[in-house]
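# Examining the three-dimensional arrangement
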Amino acid sequence: MKEKCITPPPINEVAPRVSHLSRMLRHSLNEAIKEEGLFSGQHHIILVLKENQPATISEIADMLGVSNASISVSIKRMEKAGFVTKKRNKKDARIIELQLTDKGNAVPEHIRSKMAIENEKLTRGMTQEEIHLLSNLLDKGIKNLKGE
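Residues numbered from 1 in each chain as written. Predicted model: local features only at pLDDT ≥ 70, side-chain atom pairs only at ≥ 80, totals over all residues. Heavy atoms only, no water.

## Here's the deal with helix 1 (residues 14-36)
- For helix 1, with 23 residues, the first-to-last C-alpha span of 33 Å sits near the 33 Å given by 1.5 Å per residue.
- The secondary structure elements touched by the buried residues of helix 1 are helix 2 (42-51) and helix 5 (102-123).
- After helix 1 finishes, the residue Gly37 shows a positive phi value of roughly 90°. (Helix = DSSP H or I, 4+ residues; strand = E, 2+ residues; numbered from the N terminus. Expected span 1.5 Å × (residues − 1). Contact = heavy atoms within 4.5 Å.)

## Considerations on the packing of aromatic side chains
- One pass over the structure, following the stated rule, counts 0 aromatic pairs.
- Positioned over the ring face of Phe39 is Arg77, at 4.2 Å from the centre of the ring. (Phe/Tyr/Trp six-rings, centres within 6.5 Å; stacked < 30°, edge-to-face > 60°. Lys NZ or Arg CZ within 6 Å of the ring centre and 35° of its normal.)

## Let's talk about the pattern of salt bridges
- Enumeration according to the criterion identifies 8 salt bridges in this entry.
- Put simply, Glu109 and Arg112 hold a salt bridge, and the shortest N to O gap is 3.5 Å. Of this pair, Glu109 and Arg112 both sit in helix 5, 3 residues apart, which is roughly one turn of the helix.
- Exposure remark for Arg112: the relative accessible area of 37% places this residue in the partly exposed category.
- Close ionic contact of Glu118 with Lys121 constitutes a salt bridge, the shortest N to O distance being 3.1 Å. Highlighted residues: Glu118 and Lys121, both in helix 5, separated by 3 residues, approximately one helical turn.
- For Lys121, a relative accessible area of 43% corresponds to the partly exposed category.
- Three or more residues joined by partner-sharing salt bridges are found here, namely Glu35, Glu36 and Lys114. (Salt bridge = Lys/Arg side-chain N within 4 Å of Asp/Glu carboxyl O. Buried < 20%, exposed > 50% of the residue type's maximum accessible area, 1.4 Å probe, protein only.)

## Points about the nonpolar core
- Core analysis: the biggest nonpolar cluster contains 19 residues, and Leu49 and Ile60 have the highest contact counts within it.
- Among the elements that make up this core, the one with the highest residue count is helix 2 (4 residues).
- Excluding its chain neighbours within four sequence positions, the residues that come into contact with Leu49 are Ala55, Ile60, Val84, Leu98 and Leu100. (Core = buried A, V, L, I, M, F, W, Y, C linked by side-chain atoms within 4.5 Å.)

## Details of the packing of helix 1 against helix 5
- For the pair helix 1 and helix 5, the least separation of the axes is 10 Å and the interaxial angle reads 145°. When the axes of helix 1 and helix 5 are compared, the crossing they make is right-handed. Between helix 1 and helix 5, the contacting residues are Leu21, Leu25, Ser28, Leu29, Ala32, Glu35 and Glu36 on the first element and Val107, His110, Lys114, Met115, Glu118, Lys121 and Leu122 on the second.
- Split into classes, the residues belonging to the contact of helix 1 with helix 5 amount to 7 nonpolar, 2 polar and 5 charged. (Axes fitted to C-alpha atoms, helices over the stretch in contact; angles between N-to-C directions. Left-handed = near helix turned anticlockwise from the far one by under 90°. Nonpolar A, V, L, I, M, F, W, Y, C, P; charged D, E, K, R; others polar.)

## Considerations on the packing of helix 2 against helix 5
- Closest axis-to-axis distance for the helix 2/helix 5 pair is 9 Å, and the angle between their directions is 110°. Judged on the interaxial angle alone, helix 5 and helix 2 are roughly perpendicular. Of the two possible hands of crossing, helix 2 and helix 5 adopt the one that is left-handed. Along its contact with helix 2, which presents His43, Ile46, Leu47, Lys50 and Glu51, the element helix 5 presents Gly104, Asn105, Val107, Pro108, Ile111 and Arg112.
- Taken together, the residues of the contact of helix 2 with helix 5 sort by class into 5 nonpolar, 3 polar and 3 charged. (Parallel < 35°, antiparallel > 145°, perpendicular 65-115°, else oblique.)

Right, here's the structure in full:
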């Protein structure tokens, strides 16, 4: 299903234009994630686990800046779908750790390749200098919003 084409905000309204672009990219990525059998946001859990296995729900929540409750709901769905597995910590059986299954381990490469396709679409027709400039301008905006 294709997203409706909404006219972007006027050129001098930078924040609304960035938000518009972000929504478009998020929609496209969510479609790609859906193809993997994941719900929105679950790819973040997989990407965190890929780099930090094993991890507890609270560790994943801290890394993603979300609540334990929201991670728990996603983990239940992901476990049922065969992306993650829960195991008790060998040193402390009270601690439950999460690991990716073979199915879950395959997802990051699929997601990265789909993200690369979106990046290619986004930067189509731009020179390397323009891409570099855009990236630097976005970095400045990020730092400004962080208060740096």
